[in-house]
Amino acid sequence: MGRKLLLEHLNKANINTMEGYLQNGGYRSVEKALKKMTPDEVTEEVKKSGLRGRGGAGFATGMKWSFLDRNSGKPRYLLCNADESEPGTFKDRLLMEKIPHLLIEGMIVSSYALGCRTSYIYIRGEYMFILRILEKAIAEAYAKGYLGENILGSGYSLDLHVHPGAGAYICGEETALIESLEGKRGNPRIKPPFPAIAGLWGCPTIVNNVESIAAVVPIINDGGDEYAKIGIGKSTGTKLISASGNINKPGVYEIEMGISVEEFIYSDEYCGGIKNNLELKACVPGGSSVPILPNHLLLKMSDGNPRLMTYESLSEGGFATGSMLGSGGFIVYDEKACIVRNTWNFARFYHHESCGQCSPCREGTGWMERVLHNIEYGHGKMEDIDLLWDIQRKIEGNTICPLGDAAAWPVAAAIRHFRHEFEYHVKYPNRVFDEDHVYQPEMKMQKV
Amino acid sequence: MPKVTIDDITIDVPAGTTILEAARMIGENVPPAMCYYSKLKGSGGKCRVCLVKVTKGSEKDPRPMPKLVASCRTAVMDGMEVKNVTSPEVIEARKGVVEFLLVNHPLDCPVCDQAGECHLQDLSYEHGAAKSRYEFKRRTFETRDIGDKIKLHMNRCILCYRCTQVADQLTDQRVHGVLGRGEVSEISTYIETAIDNEFSGNMIDVCPVGALTDKTFRFKSRVWFTKPVYAHRNCTKCTGKVTLWYQGEEVLRVTSRKDQWGESEAFICNECRYDKKATSDWKIEGPAHVDRHSVISQNHYELPFELPVTQKKLQ
Ligand SMILES: Cc1cc2nc3c(=O)[nH]c(=O)nc-3n(C[C@H](O)[C@H](O)[C@H](O)COP(=O)(O)O)c2cc1C
Ligand code: SF4
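Report follows, based on the coordinates. These figures come from a predicted structure and were not determined experimentally. (Residues numbered from 1 in each chain as written. Chains lettered and ligands numbered in written order. Predicted model: local features only at pLDDT ≥ 70, side-chain atom pairs only at ≥ 80, totals over all residues. Heavy atoms only, no water.)

### Notes on the overall build of chain B
Here is step 1: Tallying secondary structure elements over chain B gives 6 helices and 14 strands in all.
Here is step 2: Expressed as lengths along the three principal axes of its C-alpha atoms, the size of chain B is roughly 55 × 45 × 40 Å.
Here is step 3: Here chain B holds 315 residues, and the buried ones make up 56% of them.
Here is step 4: If you sum the accessible surface of chain B, you get close to 14,500 Å²; carbon and sulfur atoms cover 53% of it.
Here is step 5: Side chains of chain B give 45 positive and 42 negative charges; the mean places of these two sets differ by 3 Å. (Helix = DSSP H or I, 4+ residues; strand = E, 2+ residues; numbered from the N terminus. Buried < 20%, exposed > 50% of the residue type's maximum accessible area, 1.4 Å probe, protein only. Areas by Shrake-Rupley, 256 points an atom, 1.4 Å probe, with all protein chains shown as cover. Lys, Arg positive; Asp, Glu negative; His and termini not counted. Charge placed at Lys NZ, Arg CZ, Asp CG, Glu CD.)

### Some thoughts on the site of ligand 2
Here is step 1: Looking at ligand 2, there are 13 residues lining it, with A:Cys355, A:Gln357, A:Cys358, A:Cys361 and A:Cys401 nearest.
Here is step 2: Of the residues belonging to the shell around ligand 2, the class tally is 8 nonpolar, 5 polar and no charged. (Near = heavy atom within 4 Å. Nonpolar A, V, L, I, M, F, W, Y, C, P; charged D, E, K, R; others polar.)

### Comments concerning the packing of aromatic side chains
Residues and elements named next belong to chain A.
Here is step 1: Summed over all chains, the structure comprises 22 aromatic pairs over all chains.
Here is step 2: Their ring planes at 85° and their centres at 4.9 Å tell us that Phe-264 and Phe-330 sit as a pair that is edge-to-face. Here Phe-330 lies in strand β11 (residues 329–334) and Phe-264 lies in helix α11 (residues 261–266), a separation of 66 residues in the sequence. An identical accessibility class is assigned to Phe-264 and Phe-330; each is buried.
Here is step 3: Arranged with centres 5.1 Å apart and planes meeting at 80°, the rings of Phe-349 and Tyr-350 form a pair that is edge-to-face. Neither Phe-349 nor Tyr-350 differs from the other in exposure class; each is buried. (Phe/Tyr/Trp six-rings, centres within 6.5 Å; stacked < 30°, edge-to-face > 60°.)

### Here we look at the sheet that holds strand β13 (residues 250–256) of chain B
All names here are of chain B.
Here is step 1: Across the sheet, which stays open at both edges, the 4 strands sit in the order β13-β12-β11-β14 with antiparallel pairing between neighbours. A strand with exactly one partner marks an edge of an open sheet, and here the two such strands are β13 and β14 (283–287). Each strand axis lies, on average, 35° off the axis of its neighbour in the sheet, ignoring direction. (Pairing = 2+ DSSP bridges. Axes fitted to C-alpha atoms, helices over the stretch in contact; angles between N-to-C directions.)

### Focus: unusual backbone geometry
Here is step 1: Between A:Lys191 and the following residue, A:Pro192, the backbone shows a cis peptide bond with an omega angle of -5°.
Here is step 2: Here A:Pro192 is to be found in the loop between α8 (174–181) and β4 (205–209).
Here is step 3: In this model, A:Trp201 sits at a positive phi of 50°, which is unusual for a non-glycine residue.
Here is step 4: Along the polypeptide, A:Trp201 turns up in the loop between α8 and β4.
Here is step 5: One non-glycine residue with positive phi stands out, namely B:Asn29, at about 45°.
Here is step 6: Relative to the helices and strands, B:Asn29 is located in the loop between α1 (19–26) and β3 (51–56).

### Digging into the site of ligand 1
All names here are of chain A.
Here is step 1: If you check the shell around ligand 1, you find 19 residues, and the closest are Gly-55, Asn-81, Asn-208, Asn-209 and Ser-212.
Here is step 2: Backbone polar atom of Ser-85 to an oxygen atom of ligand 1: 3.5 Å apart, as the coordinates give it.
Here is step 3: For ligand 1, whose unbound accessible area comes to 610 Å², protein coverage reaches 90%.
Here is step 4: With 3 residues, β4 is the largest single contributor of residues to the shell around ligand 1.
Here is step 5: Considered class by class, the residues forming the shell around ligand 1 number 5 nonpolar, 8 polar and 6 charged. (Polar contact = N/O pair within 3.5 Å; in protein donor to acceptor, adjacent residues only side chain to side chain.)

### So, the pairing of β13(B)
Residues and elements named next belong to chain B.
Here is step 1: By the criterion of burial, β13 is predominantly enclosed, with 6 of the 7 residues buried.
Here is step 2: As judged from the 6 bridges shared by strand β12 (residues 241–247) and β13, these two strands associate in the antiparallel manner. Its bridge partner lying in β13, Leu-244 is registered against Val-254.
Here is step 3: In textbook terms, the turn of a hairpin is the stretch between consecutive antiparallel strands, and for β12 and β13 this stretch comprises 2 residues, one of which, Gly-248, has a positive phi near 60°.

### Description of the pattern of salt bridges
Here is step 1: Across all of its chains, the model carries 53 salt bridges over all chains by this definition.
Here is step 2: Ionic pairing is found between A:Glu97 and A:Arg93, a salt bridge with its closest N-O pair at 3.2 Å. Taken together, the residues A:Glu97 and A:Arg93, both in helix α5 (residues 91–98) and 4 residues apart, mark about one turn of the helix.
Here is step 3: Linked by salt bridges that have partners in common, A:Asp390, A:Arg393, A:Lys394, B:Glu92, B:Glu99 and B:Arg133 make up one network. (Salt bridge = Lys/Arg side-chain N within 4 Å of Asp/Glu carboxyl O.)

### Focus: the interface of chain A and chain B
Here is step 1: Each side of the interface is counted separately: chain A has 35 residues, and chain B has 32 residues.
Here is step 2: Summing both partners gives a buried area of about 2,800 Å² for chain A against chain B, and 51% of it is carried by carbon and sulfur.
Here is step 3: Applying the counting criterion to the chain A and chain B interface returns 7 salt bridges.
Here is step 4: A salt bridge links A:Arg393 to B:Glu92; the nearest nitrogen and oxygen atoms lie 3.2 Å apart.
Here is step 5: Scanning the region where chain A abuts chain B turns up 22 residue pairs in polar contact (both at pLDDT 80 or more).
Here is step 6: Examining the composition of the side of chain A that touches chain B, we find that 10 residues originate from one element, helix α16 (residues 359–376) of chain A, more than from any other. (Contact = heavy atoms within 4.5 Å. Buried area = accessible area lost by both parts, 1.4 Å probe.)

### Considerations on the nonpolar core
Residue and element names in this part refer to chain A.
Here is step 1: Of all hydrophobic cores here, the largest spans 63 residues; its most connected members are Tyr-27, Met-96, Leu-103, Ile-104, Ile-108, Ile-121 and Ile-123.
Here is step 2: For this core, the element with the most residues is helix α6 (residues 100–114), which contributes 9 residues.
Here is step 3: Apart from the residues lying within four places of it in its own chain, the contact partners of Leu-103 are Cys-80, Met-96, Ile-121, Leu-134, Val-210 and Ile-213.
Here is step 4: In this structure, Tyr-77, Ala-176, Ile-400 and Val-411 belong to the second largest nonpolar core, which totals 60 residues. (Core = buried A, V, L, I, M, F, W, Y, C linked by side-chain atoms within 4.5 Å.)

Structure below.
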């Protein structure tokens, strides 16, 4: 059994209440940080832990914190990104729904480290019920003196607010989140300036994912060094993985960084193998934005060693043979899954979610979706595959925010690794699916 | 003063100048701009046609920038080296952007009122492909009156956001903005014909395409059959410096004066624009400078004037 740092007490009674949370050692890190440590010492522990942002990009959290402009004379803000909208990702939801106090505890300690007087949790509008859970927990924290004026007599004061979004994926992008929080249309800003210099209302701001902030709690409790002992290389600690797709046990798993992908898919502790005893065909290991990998590239790296669940190992080989850990949305496809349909589905999502600010993404996402739709429904042409490749190439890297890249990568990877399936769709427009809309077995996939 | 080299031409510019502005100072191979408007704060960065390649970040940090950058929103650093037309990657990306801009833009210039002074028309003429690869239905909207003087033809809009910035920055009553998202986002007012302020007409001038047109001028004449003449009057609200567009003896419309980048030199008020259409209202200065090379400049009213350049060519 791997160690659990975040979900250790998931199934304890009343863990969602202040009482239950305190019984299981809750709010120790607040006591420790506010009473015994300076803000810089807290930041130092986070740096030592090697924690990397769990929102997708994997940027070192301690490093990000050190970029915060502390001399501007303006208020500083910590924003928790709870907009979790990436298809395939649902880990933050579990954390907030079941153990809301863990996030609040992390927010208090992190805000203390960053010197924030007010902090916000920006939560996606679809999680309205979780907003209520969080608000209840925040009220409990105020009542216990963990929030508000002069917390635990330390002289440090913090107000924490939860703010709902209105149902846009793009508001998970940090600058769009800031715009939305300011009450504006959620369009990503053009960077620089980065939020650490000019973010919310022009003030220095840090945006962190729910899981990143929650991870600060065990880091402060046990020390950064202890946290860094888990994992391999620059991937330290534990990571929540949202596993879905054709597996026996979909769900959220906390893994120690560094277990092998094969173990994660096949062991009974985690996904429990492919459903219905079918073969593994492909996997999107980090949420819909990251490249899909066929089974032979997924399980092994180019040097023949097993691929591990770490930032480095999953991206080994670049996009030619690798992918990304991303936000940990692990989507598994069995041999009957239709890659073209899946790619179309993702393209549909990005088409729907593009904010429409910059032309390559606004126009390109719709175009890709329509071409993919044609191929999927038997109206495709061979040239369409090259056209798709060309469109994605012209979007990637040419947009304001990474949503453009996120729309381009899945299409590129699907064509790169599964071109034969696209060609098959074009060649046999009427033969692609049986009535359950699953792929015909005539197409054999590569064996590991 | 930071020194920047664009396409092998070096120039000293004031700190904080963007790459695009530096290129305009040089005056050669200037990246095109569809959404950037030097007079509007916060404009630019959206259309992506001005993408350039930064091959050297600065003297201090010579690393190249990993992606193409929007030249209109990237400040120059001392020692920066930029490639615009000398980079095949930039040309390729720009061609891609033009294609994207035309994906949902109707290709009906012959019946569009903006033809002849449309920046997208010029841009696609210079950078686009002759044929579109897009085979699907374009998005469509109803045309709408968004003020008593302005027609909104959303089908033609490329979402440059300039008109919303005019609304924000020239007036204190902002009543329109962008609704919806992605491809189907639209410039709109919540209430039809809601736009009613003294500077609203400038929205028409900043629109790079035929999305916002002057209802008092629509379909009266092709722009290239009208003759632009500079004129001025004493106006209490604006500078009163305008361009009158004549057909014969009749003033068909009044607009602001445009500089060589197609931007208004000074915004004008609605009184000058809509209510002063008799020659007797104005002091005539003479034929207008038309510097942009577009369909309209084929009439060669006059030679383009020399650019005020402080450039230094390096061998
Ligand atoms: C289109 C888009 C959507 C994003 N959505 C989320 C999200 O839902 N949740 C999240 O934590 N980060 C999201 N991110 C990443 C954030 O921009 C940001 O990198 C992250 O919140 C930083 O937190 P971290 O350093 O803790 O990972 C998104 C990024 C993009 C470009
Ligand atoms: S890449 Fe897409 S989502 Fe991001 S700013 Fe541009 S249009 Fe908006």
